Amino acid sequence: TPTIRILSDTVQECDQVIILISTSDRRRPRELPVTHVQMLLLWELILKVLPGNVKLEFCPNPIHRTYDILTKGQSGSDSFSVYADRDDCYSNFPPASQIKNFPNLLTTGRVTFKPLARTETVNISGTNVRRLVSEWRQDEFASCMPVGVDVRAAWSILSGVTRLS
């Protein structure tokens, strides 16, 4: 997924990497629904193949949690890099909101926003992965999983079927 591609760069650059994941179920018309529990199980599989400086944090709203982390971070000496989809980055972290919420990080140069287009990483999205499962396209699904992830377990978590054909 794009998150995994971004991680390969950030784990080298950052002492600690936090992936913020929404606790909301993914339920959209004409899409395979994915519950928070399924997401938790899937991310636990993925975490097994990630470097030790990566941790997962499930939260109701990753954008609000990012603001919370950055606002609290003003009192320390840590620096922060925020990686996000280009559109999400610009719409959720506009300059006026940054100035309002964590001015000290900005003036000291301790926060950097790194907007990325999906095509700068890999053009795979959660929506696409859910579509592949709903269409039973197992080989393409497998190619979307990070190297080392137990693809059969991932398929089982999302499809409810315990083995790939």
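Structural data are supplied above this passage.
None of the values given here were measured: they were computed from a predicted structure. (Residues numbered from 1 in each chain as written. Predicted model: local features only at pLDDT ≥ 70, side-chain atom pairs only at ≥ 80, totals over all residues. Heavy atoms only, no water.)

J.: Give a detailed account of the side chain of Glu 57, specifying residues and quantitative values.
T.: Considering the arrangement of structural elements, one finds Glu 57 in strand 2 (residues 54-59). Residue Glu 57 is classed as buried on the basis of its relative accessible area of 16%. Apart from residues lying up to four places away in sequence, Glu 57 is in contact with Ile 18, Ile 19, Leu 20, Ile 21 and Arg 65. (Helix = DSSP H or I, 4+ residues; strand = E, 2+ residues; numbered from the N terminus. Buried < 20%, exposed > 50% of the residue type's maximum accessible area, 1.4 Å probe, protein only. Contact = heavy atoms within 4.5 Å.)

J.: Now, about helix 2 (residues 36-47): what can you tell me, with residues and values included?
T.: Taking 1.5 Å per residue, 12 residues should reach 16 Å; helix 2 reaches 16 Å between its end C-alpha atoms and fits that length. Turning to helix 2, its buried residues number three or more, namely Gln 38, Met 39, Leu 42, Trp 43, Leu 45 and Ile 46. Burial along helix 2 is one-sided: seen end-on, the buried residues are contained in an arc of 150 degrees. (Expected span 1.5 Å × (residues − 1). Arc of directions from axis to C-beta.)

J.: Describe in detail the environment of Leu 20, supporting the description with residues and values.
T.: For Leu 20, the location among the structural elements is in strand 1 (residues 17-22). Considered as a pair, Leu 20 and Glu 57 are 37 residues apart in the sequence and their alpha carbons are 5.0 Å apart. Setting aside residues up to four positions removed in sequence, Leu 20 forms contacts with Glu 57, Cys 59, Pro 62, Arg 65, Thr 66 and Ile 69.

J.: Can you tell me about the nonpolar core, naming the residues and giving the values?
T.: Of all hydrophobic cores here, the largest spans 27 residues; its most connected members are Ile 19, Trp 43, Phe 141, Met 145 and Leu 158. Only strand 1, helix 2, strand 2, helix 7 (126-134), helix 8 (138-144) and helix 9 (151-159) provide two or more residues apiece to this core. Apart from the residues within four sequence positions on either side, Phe 141 is in contact with Val 129, Leu 132, Val 133, Val 151, Ala 154, Trp 155 and Leu 158. Tyr 67, Leu 70, Val 111 and Phe 113 belong to the second largest nonpolar core, which has 12 residues in total. (Core = buried A, V, L, I, M, F, W, Y, C linked by side-chain atoms within 4.5 Å.)

J.: I'd like a description of the pairing of strand 1, backed by residues and values.
T.: As judged from the 6 bridges shared by strand 1 and strand 2, these two strands associate in the parallel manner. The residue of strand 2 that forms the bridge with Ser 22 is Cys 59. Note on the crossover from strand 1 through helix 2 to strand 2: the handedness is right-handed. (Pairing = 2+ DSSP bridges. Right-handed = clockwise from strand over helix to strand, strands pointing away.)

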